[in-house]
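Given next are the chains, with one letter for each unit.
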Amino acid sequence: MLEKLKEADRVIGVKQVTKAVSNGLAECVFLADDADDRILQPLRELCSARQVKMLSGSTMKEIGKVCSIEVGAAAAAIIHK
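Calculation notes
- Residues numbered from 1 in each chain as written.
- Predicted model: local features only at pLDDT ≥ 70, side-chain atom pairs only at ≥ 80, totals over all residues.
- Heavy atoms only, no water.
- Pairing = 2+ DSSP bridges.
- Helix = DSSP H or I, 4+ residues; strand = E, 2+ residues; numbered from the N terminus.
- Axes fitted to C-alpha atoms, helices over the stretch in contact; angles between N-to-C directions.
- Contact = heavy atoms within 4.5 Å.
- Buried < 20%, exposed > 50% of the residue type's maximum accessible area, 1.4 Å probe, protein only.

**Observations regarding the sheet that holds strand β4 (residues 75–79)**
Then step 1. Spatially, four strands are ordered β1-β4-β2-β3 in an open sheet, and the strand pairing comes out mixed. Bordering the open sheet on either side are β1 (10–12) and β3 (53–58), each of which pairs with just one other strand. When strand polarity is set aside, the average angle formed by the axes of neighbouring strands in this sheet is 20°.
Then step 2. As paired strands, β1 and β4 are joined by three bridges and run antiparallel to one another. Across the sheet, Val-11 pairs through a bridge with Ala-77, a residue of β4.
Then step 3. In this fold helix α3 (residues 37–50) packs onto β2 (26–32), β3 and β4, with an angle of close to 150° to the strand it touches most, β2.

**A closer look at unusual backbone geometry**
Then step 1. Unusually for a residue other than glycine, Gln-51 sits at a positive phi of about 55°.
Then step 2. Within the element layout of this structure, Gln-51 appears in the loop between α3 and β3.
Then step 3. When its relative accessible area of 74% is taken as the criterion, Gln-51 is described as exposed.
Then step 4. We note that Ser-68 has phi near 60°; this positive angle belongs to a residue other than glycine.

Structure (structure tokens):
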């Protein structure tokens, strides 16, 4: 599933993903297993409230690499425009 993120329109980072979910643009959210739970918990709650699919099982490094950035990312989302 992480490979879908590579090809899709996406946003990267907790702040941008939170905005996308709030604005109804996020189709699917990827959450890093090794990210600080204190940072991800508000995003998890928002995704649950908005019924946005959440996927975990990846590390920050893996999400960053798939998104073609040189640093890790705690969250990323596939969006529709």
